Amino acid sequence: QVQLVESGGGLVQAGGSLRLSCVASGRTFSNYVMGWFRQAPGKEREFVGTISRSGGITHYADSVKGRFTISRDNAKNTVYLQMNSLNPEDTAVYYCAARDPIKTTYDYWGQGTQVTVSS
């Protein structure tokens, strides 16, 4: 089991950058694939990106590819989402999640952090 806590959200102007962090509890953080998701008002939850256990493999949604970067520091039990060139369409609650690498579903979720991008 793992508990996740996101931080780093806030208000940023269009074109700006923001870095989100997600800290996981436990001593088996490196066993999990980590993912980032977001949900905008009135919309379904959207996949943002994922990172492998060692951090060597990442995947991104087309909507954020080239602008967002996921990284992780297993020694700190932390995964990051660096967001650049933000636009108002990026406004959403951002969630981090963890899953066993052999599964397709994320079993553990954080509470989310609000990101608001002003025009």
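One structure accompanies this document, and this report is about it.

**Points about the layout of surface pockets**
- What the largest pocket holds in volume is close to 200 Å³.
- For the lining of the largest pocket, the residue count by class is two nonpolar, four polar and seven charged.

**A closer look at the packing of aromatic side chains**
- According to the stated counting rule, one finds five aromatic pairs in the structure shown.
- Note on phenylalanine 37 and phenylalanine 47: the rings are 5.6 Å apart at their centroids and 70° apart in plane angle, and the pair reads as edge-to-face. Of this pair, phenylalanine 37 sits in strand β4 (residues 33-39) while phenylalanine 47 sits in strand β5 (residues 46-51), and the two are 10 residues apart along the sequence.
- By relative accessible area, which is 9% here, phenylalanine 37 ends up buried.
- For phenylalanine 47, a relative accessible area of 32% translates into the label partly exposed.
- Through a chain of ring-to-ring contacts, the aromatic side chains of Phe37, Phe47, Tyr106 and Trp109 assemble into a single cluster.
- In this structure, arginine 19 is placed above the aromatic ring of tyrosine 80, and the distance from its NZ or CZ to the ring centre is 3.9 Å.
- Of note, arginine 72 hangs over the ring of phenylalanine 29, and the distance from its end group to the ring centre comes to 4.4 Å.

How each quantity is defined
Residues numbered from 1 in each chain as written. Predicted model: local features only at pLDDT ≥ 70, side-chain atom pairs only at ≥ 80, totals over all residues. Heavy atoms only, no water. 1 Å grid on protein atoms, 1.4 Å probe; cavity = no way out; pocket = protein on both sides within 12 Å on 5 of 7 lines; lining within 4 Å. Points joined across faces, edges and corners; volume = space filled by probe spheres on them. Nonpolar A, V, L, I, M, F, W, Y, C, P; charged D, E, K, R; others polar. Phe/Tyr/Trp six-rings, centres within 6.5 Å; stacked < 30°, edge-to-face > 60°. Helix = DSSP H or I, 4+ residues; strand = E, 2+ residues; numbered from the N terminus. Buried < 20%, exposed > 50% of the residue type's maximum accessible area, 1.4 Å probe, protein only. Lys NZ or Arg CZ within 6 Å of the ring centre and 35° of its normal.

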